[in-house]
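The primary structure of each chain is shown beneath.
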Amino acid sequence: MIGVGDPAGDDAEFWLREATFTLVDRPCADPRTVQVPDVGEALAQITERAATWPQTAAVCDDVLRAFDPAAPAFAGVITESLAYSTLQSGREFGRWLAERGPKTVPLLPDPVVSRRDGDTLHVAFNRPQRHNAFSTDARAALLEALEVARLDTSVTGLVLTGNGPSFCSGGDLAEFGSFDDPASAHLARTRYSPAQVLDEITARLGAACQAVVHGQVLGSGLEMAAFCGQVTCHPDATLGLPELALGLIPGAGGTVSITRRIGRWRTAYLVLSGATLDAATAQTWGLVDAVCA
């Protein structure tokens, strides 16, 4: 249910609260609204996307409504992953896989690199040839690096970055569909979850757990960065959640981390519209904390 109209009308509060999000054509500070140049055109485009991926759109709305931003991350991550696994068995993801065809994931050395500078741990995605697309081996390497900050209390700062032209362009699409079954995929996502580790580190370090993002900051890349206590964004960055077009929802904790930052309404807009944000808009929304010079 998408709201359209005057956010100051007599019954506005009910619709602002209950709608998936509300489209407006003028500036509005209410985080349940999204300003677009043309409400009718935006509504038509989102309606078409929802008609193309109806199951995914419905599941996305359900998951976002189910999460309480004040609750611990664990429950939200589990709910998200179960929904993601359900969609992996669905016809919409199956259609995307069939259209994509067989792919091979290139194995690149050192998919994540880290170094310690005093009490600060610097961790960088290191698959620049693929805009740091997030793969299974990158996840394992990231978890290994983050474990230092999680267990070593002498680490008082963490900086997460990406080498090359992008911070992280999201999951490596060549790898999608490679798990034997959705249950195995769910267990892998939740038992080996960078999202939950980053959430734990941020709980200890606060703003000293930083992500510095640039270039493509999409899908799982944006989802993981949003768990950090401070997100600094280069002016060239493009931020978004493109998963709907795959027949999937965010699966790296984004329904938790991004909802905490911008609310379920604007999170739903990013997923259902497929729109991307520039750095300035992301800062205005609160998706990032600062835009560097």
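What counts, and at which threshold
- Residues numbered from 1 in each chain as written.
- Predicted model: local features only at pLDDT ≥ 70, side-chain atom pairs only at ≥ 80, totals over all residues.
- Heavy atoms only, no water.
- Helix = DSSP H or I, 4+ residues; strand = E, 2+ residues; numbered from the N terminus.
- Expected span 1.5 Å × (residues − 1).
- Bend = angle between axes of the 7 residues up to and from the residue.
- Buried < 20%, exposed > 50% of the residue type's maximum accessible area, 1.4 Å probe, protein only.
- Core = buried A, V, L, I, M, F, W, Y, C linked by side-chain atoms within 4.5 Å.
- Contact = heavy atoms within 4.5 Å.
- 1 Å grid on protein atoms, 1.4 Å probe; cavity = no way out; pocket = protein on both sides within 12 Å on 5 of 7 lines; lining within 4 Å.
- Points joined across faces, edges and corners; volume = space filled by probe spheres on them.
- Nonpolar A, V, L, I, M, F, W, Y, C, P; charged D, E, K, R; others polar.
- Pairing = 2+ DSSP bridges.
- Axes fitted to C-alpha atoms, helices over the stretch in contact; angles between N-to-C directions.
- Parallel < 35°, antiparallel > 145°, perpendicular 65-115°, else oblique.
- Left-handed = near helix turned anticlockwise from the far one by under 90°.

The name recorded for the chain in an unreviewed UniProt entry is Enoyl-CoA hydratase, from Mycolicibacterium llatzerense.

Student: Before we move on, could you go through helix 10 (residues 254–273) and cite the residues and values that matter?
Tutor: Counted at 1.5 Å a residue, the expected span for helix 10 with its 20 residues is 28 Å, but the 16 Å between its end C-alpha atoms falls short. Glycine 263 marks where helix 10 bends most, by close to 115°. With respect to burial, helix 10 is a largely interior element, 19 of its 20 residues being buried. Where helix 10 ends, the next residue or the one after it, glycine 274, has phi of about 75°, a positive value.

Student: Can you explain the nonpolar core? Please cite residues and give values.
Tutor: Counting residues in each nonpolar core, the largest one holds 77 residues, and the members touching the most others are Leu23, Phe125, Leu142, Leu158, Leu239, Tyr269 and Leu287. Filtering out sequence-adjacent residues up to four positions away, phenylalanine 125 remains in contact with Pro111, Val112, Asn132, Phe134, Leu142, Leu160, Thr161, Gly162, Asn163, Phe167, Cys168 and Met224.

Student: Hey, could you go over the layout of surface pockets for me, with residue numbers and the actual values?
Tutor: By volume, the largest pocket amounts to about 820 Å³. Of all the secondary-structure elements, those providing two or more residues to the lining of the largest pocket are helix 4 (73–88), helix 5 (91–100), helix 6 (136–151), helix 7 (182–191), helix 8 (194–205), strand 8 (216–218) and helix 9 (220–225). Among the elements that take part in the lining of the largest pocket, helix 4 stands out by supplying five residues, more than any other. When the residues that make up the lining of the largest pocket are grouped by side-chain class, the tally is 21 nonpolar, 15 polar and 10 charged. A volume near 180 Å³ is recorded for the second largest pocket.

Student: Any chance you could break down the pairing of strand 7 (residues 209–213) for me, citing the residues and the numbers?
Tutor: Along strand 7, the buried face is formed by Cys209, Ala211 and Val213; none of Gln210 and Val212, which line the opposite face, is buried. Across three bridges, strand 6 (residues 157–162) lies against strand 7 in parallel orientation. Across the sheet, residue leucine 158 finds its bridge partner in strand 7, namely cysteine 209. Bridging between strand 7 and strand 9 (residues 230–233) involves four bridges; their strand directions are parallel. In the sheet register, valine 213 faces strand 9, and the bridge partner there is cysteine 233.

Student: Help me get a handle on the packing of helix 4 against helix 7, residues and values and all.
Tutor: The contact between helix 4 and helix 7 brings their axes to 9 Å, and the two run at 155°. With respect to each other, helix 4 and helix 7 are oriented roughly antiparallel. By crossing handedness, the relation of helix 4 to helix 7 is classed as right-handed. The residues of helix 7 that touch helix 4, namely those facing Val77, Ile78, Ser81, Leu82, Tyr84, Ser85 and Gln88, are Pro182, Ala185, His186, Arg189 and Thr190. A per-class count over the contact of helix 4 with helix 7 returns six nonpolar, five polar and one charged.

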